[in-house]
2 protein chains.
Amino acid sequence: MYKKMIMPGVMGIMAGLLASTVMFADFPGGGGTASIASANGDAEKVYVPFGKKDDYYLFASGGHSGQMFIYGVPSMRRIRTVPVFSPDPATGYGFDKESKAMLGGYSWGDLHHPAFSETKGEYDGKYLFATDVANNRAAVMDLKTFTVMDMLQTPNTSGPHCAAFVTENTEYLFLPTRFSVPLGNEYAPLDEFKTKYKGVMSAVKFNEQSKKQELAYQVALPPWSFDLSDAGKKGSSDWAVMTTYNTEEATTNLEINASQKDRDYIVLFNWKELEKMVADGKADHVNGVKMIDPAKVNAGIYLVPVAKSPHGVDVTPDGKRFIASGKLAPAMTVFSFEKAFDAVKNKKFAGQEQGIPVLDYNAVMEREVNPENALGPLHTQFDDKGFAYTTMFISSEVVKWNIETGETIDRVPVQYSPGHSVSAEGDSASPDGQWLVALNKLAKDSYLSVGPSHPESMQLIDLSGDKMKVVQSAPVDPEPHYAQMIKADKIQTINVLPKDEKRPNSVWKQEEARIERHGNVVDVYGIAMRSKFTFDAKASRKDVIEVKQGDKVVIHLTNIDLDEDITHGFGINNYNLNMEVQPGETKTLEFIADKAGTFPIYCTNFCSALHQEMTGYLLVSPN
Amino acid sequence: MYKKMIMPGVMGIMAGLLASTVMFADFPGGGGTASIASANGDAEKVYVPFGKKDDYYLFASGGHSGQMFIYGVPSMRRIRTVPVFSPDPATGYGFDKESKAMLGGYSWGDLHHPAFSETKGEYDGKYLFATDVANNRAAVMDLKTFTVMDMLQTPNTSGPHCAAFVTENTEYLFLPTRFSVPLGNEYAPLDEFKTKYKGVMSAVKFNEQSKKQELAYQVALPPWSFDLSDAGKKGSSDWAVMTTYNTEEATTNLEINASQKDRDYIVLFNWKELEKMVADGKADHVNGVKMIDPAKVNAGIYLVPVAKSPHGVDVTPDGKRFIASGKLAPAMTVFSFEKAFDAVKNKKFAGQEQGIPVLDYNAVMEREVNPENALGPLHTQFDDKGFAYTTMFISSEVVKWNIETGETIDRVPVQYSPGHSVSAEGDSASPDGQWLVALNKLAKDSYLSVGPSHPESMQLIDLSGDKMKVVQSAPVDPEPHYAQMIKADKIQTINVLPKDEKRPNSVWKQEEARIERHGNVVDVYGIAMRSKFTFDAKASRKDVIEVKQGDKVVIHLTNIDLDEDITHGFGINNYNLNMEVQPGETKTLEFIADKAGTFPIYCTNFCSALHQEMTGYLLVSPN
């Protein structure tokens, strides 16, 4: 059965990709008018009038922007850009001392897959995890404030592309590496790829008390590329799965050389066993990290053959099955955890790869699902009725099918080339149904043109009726790779930070604002409030900072306006400095006053009718 | 008449500001449901189904993000973020050699007011100008590519806040400074404010041949804060107007001290006269710039008294009047250019300020317009029927009124505190009517909460009926200060850049890709195409770059995929480097390979089904 899969060649894929643009005219909404839209009821479905709010938050990864885009569903309005891996002058992220240190000197990141924290397999609305393919970082966003609270850099890996995915109670995030490199990014010629290069998976724990991530252990896998992963649920909750490609171990021209074999693998591993082995001292120590090497120890890791170059593996909400697809294939393959556990128990092995047992494909596979002429299955999401929704990259559509029977229920074209899709609470143990968003890679001419660099598109699909229906098409900045959709009422934000009089460096009374000199360090303990700065209560000009050229200036600024939405900015003209303080917040800005002269200080974030007047001066006297 | 204006105190303004939130429940859309929306027809008005496109582009300034936000109208979908004054890893802006040099080392900017190029007073769809309050820059965006083509830094000024505004045929952009500083940002104590500090206005020309801006001349004005400006049209086309505040010349606590006088000024100047004076050699030379000092020469500059602390002055589409408002006042004041010219001719002066004649208020003023209980008029836009639309910051509304009669026609609440508004083609000689967007500073709880830092809001108002109607409310990232709305068909983009075989450093044939070493400089002449990199055609691994630690690496990369929307990225893992090449584009990335080791190279922008496979390696051998 496996061998019957038809793999279109590279040229065929390209032809399919280009041909997909022809579908424009075929789409029911195409060429429609506002009155047709009205008859369809689409406009009403997505319209959220003032006074009402969206039902869901959509957290879309921002790809190589490094940031997270927050949308409302069903309106598909972009509510906010939250900076994660790149600096953001709009919020001062990466400019104030704390966030600058957290970013670790990096000026960009490549945010791939976001994941919500879970409790008993349900999104709990507390945290969002995300990973950086560019510079190997993992970040945690606090959903009370929509700000990043911790960042971890993972050694020994290059590109945690298909993280983060969490276990049922957020015990672990797993970060498989996309690129294989020598451990520690050491220099080694590519001729030594098979011996010196490794594909490393990181297991990260999040400590809710300290609000920090900890790199618990790593697993040294063969030098393959690891991709989309998912954790088990319920009966499979001790396990996780991830896909591989380039098991050919090609070192050049992967377009051709990593597409040679008919099959790659799903990696199936038992994280409880790995945890125990680490506790039992069976890990090596590599660059300060505990590392399990499955070539040396029986690590509870197994390989399941799958059609070549898979991009996706997804665990069904009941935790009974995992679904994967060769990304160049016409089929989705349903695998059974129960069958896999049985194959492990009874050693139904078809061989081994570098010490890791390969399970027999037919012993684990439950069903291959082949919707007619559907091409390029990438990623599967779920609803509340037992249906699966798979994005077809090449035939530019979403296919709805029955997990139990493999029956194709419905198909809907999207514009164009969907990578991932996300359904409401779709990675949880109880998806909501109702909405699916297709994250399309090529929008072509869907929107007003903005030159050569086109927007991607996110299309909202109504799942409530018998037929799926695309009801809204939203352009999006580069570049969402995955998203998560959560019920709005699960997130409880703080709008005004608490007045904490014990907070280091905070000042809450105007008369306590002061400037202290310690050698050539000038500490400013200042206040921002509507509509003035107070840096030095004792000075005749309280909103002026005077320093000498070469001084280190440390400005601690507290926003004492404890009212919702009264953000103050702090910019210094011609000094390339800006930060923001939210209501009740204290932040620190550090710089060397290396340039002598007169530099206006101003509030950069509109705060009141007299915002324009919220200014001061930095005077730097020359040496 | 002037003295009758009532100025609410600071406390009164704050009370009004807070009270404005009460209006939430009063808004007709508030508490509405989808079915009510349907009955209202609002949903259909803003819904643009797939296959249709928006009628207008909206270019909204991104404030301290430094960027420009592009929206479609009426959908209010955000189509694209175009980077202008801050780096943007999503597009590689500020990372490749050319854009990095253009940004001048600055990591942020504060983009205030955008302005389209004009021909005969009409938007011609060719260029967009914008200014940076943070670091005193002016930028030009090419509307063929939606990319910035030139950036100019203006000396002697601090914060070109209320630029750019162009003359009728884009002869000049005027950039008045917001902050007064000593010329050249020199150090001078604030006790010397009246003598050493200056408020400088810059006149910039844009050379369409060279695609460069040129600082033609500056004008040394008193140390006041200059604000929103506008150029004349038709009969007033040789003139321009701008507002001032802090004519008190306060140096601290401007909230109180810059609100002491009952009146500030509109500065009225004849730019043709200024141009002639500069040509006649009457300018000083200050820090390399020609500077006219009106205290020394009769410069064709006049002051018109206006209610204190005005934020806005706007010229009517027919060029006959200019409208300004004290921002704390209850009135809009209509001034007549004809009366002003007459006052100038007949020397109807009420005095002078530092050598600049002050025109008699009553000789220039045509009408004061006082809608009942309207407070905080900031900015006025226009339609095609002779009506003006003024944003009321404190009473949170837009007031429609008749320019000829002063009659109030209609009022509509917005949520909340509108700063600017923009109507379709609203700054041109022939506004379209139909749509107005209110740019509200405080959205409060209009949308799903994203923590302490709230979005601002842009609300779309339908002007087509007898009554104005808010039909859509769109959240927006920090922070639009003004916007421009242009007919979609006026902008003609290039989607694929021309294949220019003579372009320096470009490579169009795979066999010509090469790596050249010159001492410790390694030049890579590479190609990006679906789905591989070719750096060295002669190597066994064509997608690998090998250098020595300490080498300077210069990568010239050409995207030879001449198909729409096939953007390639070029990221180096763990090296903090990324750029993008659009179809047909060549870009250069320069860096020192100071870190030895093995670093994957990958395409960061999704480009094809085999995008994941578009990789290579940078190998840096240790010293």
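Labelled according to an unreviewed UniProt entry, chain A appears under the name Nitrous-oxide reductase, originating from Paenibacillus solanacearum.

### Quick word on the packing of aromatic side chains
All names here are of chain A. Using the criterion set out here, one finds 60 aromatic pairs over all chains in the structure. Every member of this aromatic cluster is reached through a ring pair, and the members are Trp239, Tyr302, Phe322, Phe335, Phe337, Phe341, Phe349 and Tyr361. The positively charged end of Lys205 is found above the aromatic ring belonging to Tyr172, 4.2 Å away from the centroid. Positioned above the aromatic ring of Tyr525 is the side chain of Arg514, whose terminal nitrogen or guanidinium carbon lies 4.2 Å from the ring centre.

### Points about the side chain of B:Asn559
Residue and element names in this part refer to chain B. With respect to the element layout, Asn559 can be found in strand β38 (residues 552–559). Here the side chain of Asn559 touches Val581 through a polar contact of 3.0 Å, landing on its backbone oxygen. Apart from residues no more than four positions distant in its own chain, Asn559 is found in contact with Trp508, Ala528, Ile566, Thr567, His568, Val581, Gln582, Pro583, Gly584 and Glu585.

### A short note on the confidence of the model for chain A
In the predicted model, chain A carries a mean pLDDT of 92, and the fraction of residues at 70 or more is 94%. Across residues 1–37 of chain A the pLDDT falls below 50, and counting only partners more than four positions away or on other chains, this stretch makes 73 contacts in the model.

### Brief notes about the interface of chain B and chain A
The interface of chain B with chain A comprises 159 residues on the first partner and 158 residues on the second. Across the chain B to chain A interface the summed buried area is about 13600 Å²; carbon plus sulfur atoms make up 56%. The tally of links between chain B and chain A comes to eight salt bridges. Taking the shortest distance from any N to any O, the salt bridge between B:Asp477 and A:Arg80 comes out at 3.5 Å.

### Description of the environment of A:Ala307
Its location among the elements puts A:Ala307 in strand β18 (residues 301–307). What makes A:Ala307 buried here is its relative accessible area of 1%.

### Here we look at the pattern of salt bridges
One pass over the full model with this rule turns up 70 salt bridges over all chains. Where A:Arg77 meets A:Asp54, a salt bridge forms, and the shortest distance between an N and an O atom there is 3.6 Å. Of the two residues, A:Arg77 sits in the loop between β2 (68–73) and β3 (78–82) while A:Asp54 sits in the loop between α3 (42–46) and β1 (56–61), which places them 23 residues apart along the sequence. For A:Lys552, the salt bridge goes to A:Glu590, with nearest N and O atoms at 3.8 Å. With A:Lys552 in strand β38 (residues 552–559) and A:Glu590 in strand β41 (residues 586–592), the pair connects residues that are 38 residues apart, well separated along the chain. According to the relative accessible area criterion, A:Glu590 is partly exposed, its value standing at 26%. A network of salt bridges, in which partner residues are shared, links A:Arg78, A:Arg80, A:Asp477, B:Arg78, B:Arg80 and B:Asp477.

### Quick word on the relation of the copies chain B and chain A
You can overlay chain B on chain A at an RMSD of 0.0 Å; the transform is a turn of 180° with a shift of 0.0 Å along its axis. The relationship between the two copies is best expressed as a two-fold rotation axis. Residues of chain B ranked by C-alpha distance from the rotation axis are headed by B:Ala43, positioned 2.7 Å from it. Counting the interface residues of chain B, we find that 99% of their copies in chain A are interface residues as well, pointing to one common contact surface.

Cut-offs and rules
Residues numbered from 1 in each chain as written. Chains lettered and ligands numbered in written order. Predicted model: local features only at pLDDT ≥ 70, side-chain atom pairs only at ≥ 80, totals over all residues. Heavy atoms only, no water. Phe/Tyr/Trp six-rings, centres within 6.5 Å; stacked < 30°, edge-to-face > 60°. Lys NZ or Arg CZ within 6 Å of the ring centre and 35° of its normal. Helix = DSSP H or I, 4+ residues; strand = E, 2+ residues; numbered from the N terminus. Polar contact = N/O pair within 3.5 Å; in protein donor to acceptor, adjacent residues only side chain to side chain. Contact = heavy atoms within 4.5 Å. pLDDT = per-residue confidence, 0-100. Buried area = accessible area lost by both parts, 1.4 Å probe. Salt bridge = Lys/Arg side-chain N within 4 Å of Asp/Glu carboxyl O. Buried < 20%, exposed > 50% of the residue type's maximum accessible area, 1.4 Å probe, protein only. Least-squares fit on C-alpha atoms with pLDDT ≥ 70 in both.

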